[in-house]
Amino acid sequence: MAKTLTKRDLVNKIAAECQLTQIEVFEIVQQTVDIIANTLAEGDRVVIRNFGTFQIKTVKPKVGRNPKNPGQDVPIPARSVVKFKVGKELKERVSKLTK
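This section reports on the structure supplied with the text. (Residues numbered from 1 in each chain as written. Predicted model: local features only at pLDDT ≥ 70, side-chain atom pairs only at ≥ 80, totals over all residues. Heavy atoms only, no water.)

## As for helix H1 (residues 7-18)
Move 1: Spanning twelve residues, H1 covers 16 Å between terminal C-alpha atoms, matching the ideal 16 Å at 1.5 Å per step.
Move 2: Positive phi shows up at Gln19, right after H1, with a value of about 55°. (Helix = DSSP H or I, 4+ residues; strand = E, 2+ residues; numbered from the N terminus. Expected span 1.5 Å × (residues − 1).)

In structure tokens form, the structure reads like this:
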């Protein structure tokens, strides 16, 4: 089963490897996350070489079905969502898991 890496785990690993305090690392990690979120909220994309690209895509409006009443149409409005396109190097590293 795959493990989950939390923000706290990330901070602890970076602090241990870089000999910085956890507070210093937390502030850097939080600022990084905030900048990425703010950039995406402005409609711009974020490119992290060898990792991937975060960008905003607009999903067109569509008609869904009510699971409790399948005969009833439910309009789903257009919305913006964050999409992630994996970078080449990360894709290659992850693909080795299935070999």
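## Looking at the pattern of salt bridges
Move 1: For the coordinates displayed, the defined rule picks out one salt bridge.
Move 2: We note a salt bridge from Arg65 to Asp73, for which the minimum N-O separation is 2.0 Å.
Move 3: Residue classification places Arg65 among the exposed positions, given a relative accessible area of 56%. (Salt bridge = Lys/Arg side-chain N within 4 Å of Asp/Glu carboxyl O. Buried < 20%, exposed > 50% of the residue type's maximum accessible area, 1.4 Å probe, protein only.)

## So, the packing of H1 against helix H2 (residues 22-41)
Move 1: Closest axis-to-axis distance for the H1/H2 pair is 9 Å, and the angle between their directions is 125°. Overall, the two elements H1 and H2 adopt an arrangement that is oblique. In terms of crossing hand, the pair formed by H1 and H2 is right-handed. Listed contacts from H2 to Lys7, Leu10, Val11, Asn12, Ile14 and Ala15 of H1 are Gln22, Val25, Phe26, Val29 and Gln30. (Axes fitted to C-alpha atoms, helices over the stretch in contact; angles between N-to-C directions. Parallel < 35°, antiparallel > 145°, perpendicular 65-115°, else oblique. Left-handed = near helix turned anticlockwise from the far one by under 90°. Contact = heavy atoms within 4.5 Å.)

## Examining the sheet that holds strand S5 (residues 79-86)
Move 1: Taken together, three strands build an open sheet; the order of strands is S1-S2-S5 and the sheet is antiparallel. Each having just a single partner strand, strand S1 (46-48) and S5 make up the two edges of the open sheet. Neighbour to neighbour, the strand axes of the sheet diverge by 25° on average, direction disregarded.
Move 2: Sheet analysis places strand S2 (residues 52-59) next to S5, joined by eight bridges and oriented antiparallel. Bridge assignment links Val59 to a residue of S5, and that residue is Arg79. (Pairing = 2+ DSSP bridges.)

## A short note on the environment of Ser95
Move 1: Relative to the helices and strands, Ser95 resides in helix H3 (residues 88-95).
Move 2: Spatially, the C-alpha atom of Ser95 lies 29 Å from that of Thr58, the residues being 37 residues apart in sequence.
Move 3: Polar side-chain contacts of Ser95 include one of 2.8 Å to the backbone oxygen of Glu92. (Polar contact = N/O pair within 3.5 Å; in protein donor to acceptor, adjacent residues only side chain to side chain.)

## Notes on the side chain of Thr53
Move 1: Along the chain, Thr53 turns up in strand S2.
Move 2: What makes Thr53 buried here is its relative accessible area of 14%.
Move 3: Those residues in contact with Thr53 that sit more than four places away from it in its chain are Arg45, Val46, Val47, Lys83, Phe84 and Lys85.

Everything listed here is a matter of geometry and, on its own, says nothing about what the molecule does.
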